[in-house]
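Below, each chain spelled out in residue letters.
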Amino acid sequence: MSGLFSPRAWNKIWIYRGTFLLGLLNTLKTALVALLLALALGIIFGLLATSGKKVLKAISRVYVEVIQNTPVLLQMCFLYYALAFSGHSPGIIVTGILALGIYTGAYMAEVIRAGIESVPKGQFEAAQSQGFGYVGQMYYIIIPQSIKVILPPMTNVIVNMIKNTSCLYIVGGADLLSLTYSFVTGENTGGSYAPAYIVCGAIFFIICFPLSTFASMWETSLKKREQKAFQSGAPKEA
Amino acid sequence: MDTLGNSLSMLGNPAIITFLLNGVLFTLIISVVAVLFSIVLGTVLALLRNYCTTKKTKILKAVSVTYIELFRNTPLLFWIFICLVFCPVPAFVDQPMFGLSSVNNKLLFKAAIALILYTSGVIAEIVRGGLNSVPHGQIEAGHSQGFSMVQIMWYIVLPQTFRAIIPTLLSQVITTIKDSSFLANVAVIELMSRTKQILSAANRYNGTNSINVSDVFVLFGAAALIYFVINFSLSMTVRNLQKKRMAVGGRRKSSALDRIGKGVALDG
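None of these values were measured; they are calculated from a predicted model.

(A) The packing of helix α2 (residues 14–51) of chain B against helix α5 (residues 102–133) of chain B, seen in detail. All names here are of chain B. Remark: α2 packs on α5, axes separated minimally by 6 Å, with the N-to-C direction vectors making an angle of 50°. In terms of their interaxial angle, α2 and α5 are classed as oblique. Remark: the crossing between α2 and α5 carries right-handed chirality. Residue classes in the contact of α2 with α5 are distributed as 16 nonpolar, six polar and two charged.

(B) The arrangement of the interface of chain B and chain A in detail. Taken together, the contact between chain B and chain A spans 33 residues of the former and 29 residues of the latter. Listed by contribution, the elements that provide at least two residues to the side of chain B that touches chain A are α3 (58–72), α4 (76–86), α8 (191–200) and α10 (213–267) of chain B. Top contributing element to the side of chain B that touches chain A by residue count: α10(B), with 12 residues. Taken together, the residues of the side of chain B that touches chain A break down into 22 nonpolar, seven polar and four charged.

(C) Region of the structure containing the packing of α3(B) against α5(B). All names here are of chain B. Where α3 meets α5, the axes come as close as 8 Å, and the angle between the chain directions of the two elements is 115°. When the interaxial angle is binned, α3 and α5 end up roughly perpendicular. The two elements α3 and α5 meet at a crossing, and its hand is left-handed. Residues Tyr67, Ile68, Phe71 and Arg72 of α3 lie in contact with α5, whose contacting residues are Leu117, Tyr118, Gly121, Val122, Ala124 and Glu125. Within the contact of α3 with α5, the residues separate by chemical class into seven nonpolar, one polar and two charged.

(D) Here's a closer look at α5(B). In this model α5(B) runs 45 Å from its N-terminal to its C-terminal C-alpha over 32 residues, within 8% of the 46 Å that 1.5 Å per residue would give. At B:Ser120, α5(B) shows its largest kink, close to 25°.

(E) Structural context of the nonpolar core. With 118 residues, the main nonpolar core has A:Leu73, A:Met76, A:Cys77, B:Ile80 and B:Ala111 as its most contacted residues. In terms of residue count, the dominant contributor to this core is α5(B) (14 residues). When sequence neighbours within four positions are dropped, the list of residues in contact with A:Leu73 reads A:Cys167, A:Ile170, B:Ser181, B:Phe182, B:Ala184 and B:Met192.

Calculation criteria
- Residues numbered from 1 in each chain as written.
- Chains lettered and ligands numbered in written order.
- Predicted model: local features only at pLDDT ≥ 70, side-chain atom pairs only at ≥ 80, totals over all residues.
- Axes fitted to C-alpha atoms, helices over the stretch in contact; angles between N-to-C directions.
- Helix = DSSP H or I, 4+ residues; strand = E, 2+ residues; numbered from the N terminus.
- Parallel < 35°, antiparallel > 145°, perpendicular 65-115°, else oblique.
- Left-handed = near helix turned anticlockwise from the far one by under 90°.
- Nonpolar A, V, L, I, M, F, W, Y, C, P; charged D, E, K, R; others polar.
- Contact = placed C-beta atoms within 7 Å.
- Expected span 1.5 Å × (residues − 1).
- Bend = angle between axes of the 7 residues up to and from the residue.
- Core = buried A, V, L, I, M, F, W, Y, C linked by C-beta atoms within 7 Å.
- Buried ≥ 20, exposed ≤ 12 C-beta atoms within 10 Å, placed from the backbone.

Here you go:
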């Protein structure tokens, strides 16, 4: 364990705390903007998938299948090199935002599709019979009912995205993990492996653990409520 | 795009194709081995987390919970980096085999350990979902028949658990195949890293003395296609399995509902 208990190694971490803060900042920045992009893509393709029109459904299906069945690392490399060799390199962070946003968008679309499909068909018909337009129907009737089903898996998708910011390493790396790696392998800063990795891991854990715990707790309580409804014999849908 | 023909000619080069296909083989082997080991480790973790609730065994539960949460909430690449430094390598790995140098074998071993550690945390939660789906009455029934806890798990609970989670485990194989591309960060072994390596030497193979955009499209396109074919066929299998189950489960659920309905009627 190189330097786990050595005060010198820990001191080095403290001196170079700016590196970790910069990494954290880059990771958060990438994750936040990518999240917005993913949400936008997810909503668009989720709605396309539930639109009932064959062509729109097919478009959404193709996007989701192609993105979900190839590694995010490959997509990121592809995007980075394609842009770089054609002469307009947008920088590491922007590449990361685009790649992560597109990748996570496919998962968001699936989550949103499943959430909307969990609302019984009668609700759509009832809304239409009451004269709601598409937007009004979604906004007042469908979304409020599906949001409780959507939120837990969506939180898990977000946690995965935060972890996936580490993919930036392969295109040059400005995120927390890449900076930690270059810190421990750097010429002047190197050597204090254990303390640096503990700090880096702790930061990831502190961000991700509350989110994933919230998701799993919400899911458990949802399941319990459903079971209660099931046992009391009150059918939720007619 | 006048360089497209040159780029495509790379895929006709037998040396490049063999190199890539060997990478595919490594990707598949690494993923399957990682999932198999993770199932064993994950099952143990899930059992500890679910059933070690007495005072004496509580510490085991705490260990398992810590392990699962720790690995689920930190990136895979983080564990790959850590294993590169801290993972001990047995001597038999430290020699040239499988057509890889001893350095690459060591890297492969370390990265595979990281992949197993990471995946087992995920699989533990999948197994736990399966364990929870087995009705508690089965355990009580086992006790009443004189089974010990180990026998109950082995003969009654685990077979039902694994039958229930086969689709989820298969989709975890897909995730692991995608995750194995993270090895590209540290070594040239599997498909992703080999694609990247060919790209960086593309100027020597495509006959134009420079790396062009079309090379990126052809090489990464080919790799993406390979990943897609493997993963898509797996996910189709998963979907078919689930559909079949829905059909069977739907029937079963309705009969369970009927029984509940009858029970209510009798009680009433």
